[in-house]
Amino acid sequence: YIDSLGWVYFKQGKIDQAVKELTEATRLVPNDAVLLEHLALVYEAQGEIQAAIEAVKKAIPFAPESDDREVSKRLDALLSRLVDTSNRTKTGSIR
């Protein structure tokens, strides 16, 4: 998979390197829901909640094309969590 190196970096906690690799992967294959999901998770880990939300929103239309039926469910759950985090950040309830 094109995002494997980025995903490994993410799992190792090398977030900046993961962003670089996954951004390139999504540039090369922009319509892959799983690649965009991985990018969103990396952005979330980086604290870039709005960027993560945008990546999930880009991924959702491509989820039905995925071979993995769970992608849509994961994306919905991720988007809900990100929006909740964003709302809590805006109201100052995250410390």
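Placed above this text is the structure.
What follows deals with the nonpolar core. In this structure, Val42, Val56, Leu75 and Leu82 are the most contacted members of the largest nonpolar core, which totals 25 residues. Those elements that provide at least two residues to this core are α1 (4–11), α2 (15–28), α3 (33–46), α4 (49–59) and α5 (70–91). Take this core: its biggest share by element is seven residues, from α3. Excluding residues that lie within four positions of it along the chain, Val56 makes contacts with Ala40, Leu75, Leu78, Leu79 and Leu82.

Another aspect to go through is α5. Over its 22 residues, α5 extends 32 Å from the first C-alpha to the last, a length consistent with the 32 Å expected when each residue adds 1.5 Å. Along α5, the residues classified as buried are Val71, Leu75, Leu78, Leu79, Leu82, Thr85 and Ser86. The buried residues of α5 occupy an angular sector of 130 degrees when the element is viewed end-on, so they sit on one face. Residues of α5 that are exposed and point over 90 degrees away from its buried face: Lys73 and Thr91. At the exit of α5 stands Gly92, carrying a positive phi of roughly 80 degrees.

The next thing to look at is the packing of α4 against α5. Two elements in contact, α4 and α5, have axes separated by 10 Å at closest approach and are oriented at 155 degrees. One way to sum up the angle between α4 and α5 is to call them roughly antiparallel. In the crossing of α4 with α5, the sense of the turn from one axis to the other is left-handed. In contact with Ile49, Gln50, Ala52, Ile53, Val56, Lys57 and Ala59 of α4, α5 contributes Leu75, Leu78, Leu79, Leu82, Val83, Thr85 and Ser86. Among the residues making up the contact of α4 with α5, the classes are represented as ten nonpolar, three polar and one charged.

Residues lying three or four places apart along an α-helix face the same way, a consequence of the helix completing one turn every 3.6 residues. With 14 residues, α3 should reach 20 Å at 1.5 Å per residue; the first-to-last C-alpha distance of 20 Å fits that figure. Counted residue by residue, α3 has ten buried out of 14 residues, so it is predominantly covered. Buried residues of α3: Ala33, Leu35, Leu36, Glu37, His38, Leu39, Ala40, Leu41, Val42 and Tyr43, and no others. Buried residues along α3 sit in contact with α1, α2, α4 and α5. In this structure Asp32 caps α3, since a side-chain oxygen of it lies 2.9 Å from the backbone nitrogen of Val34.

The rules behind each value
- Residues numbered from 1 in each chain as written.
- Predicted model: local features only at pLDDT ≥ 70, side-chain atom pairs only at ≥ 80, totals over all residues.
- Heavy atoms only, no water.
- Core = buried A, V, L, I, M, F, W, Y, C linked by side-chain atoms within 4.5 Å.
- Buried < 20%, exposed > 50% of the residue type's maximum accessible area, 1.4 Å probe, protein only.
- Helix = DSSP H or I, 4+ residues; strand = E, 2+ residues; numbered from the N terminus.
- Contact = heavy atoms within 4.5 Å.
- Expected span 1.5 Å × (residues − 1).
- Arc of directions from axis to C-beta.
- Axes fitted to C-alpha atoms, helices over the stretch in contact; angles between N-to-C directions.
- Parallel < 35°, antiparallel > 145°, perpendicular 65-115°, else oblique.
- Left-handed = near helix turned anticlockwise from the far one by under 90°.
- Nonpolar A, V, L, I, M, F, W, Y, C, P; charged D, E, K, R; others polar.
- Polar contact = N/O pair within 3.5 Å; in protein donor to acceptor, adjacent residues only side chain to side chain.

Shape descriptors only; they carry no functional weight alone.
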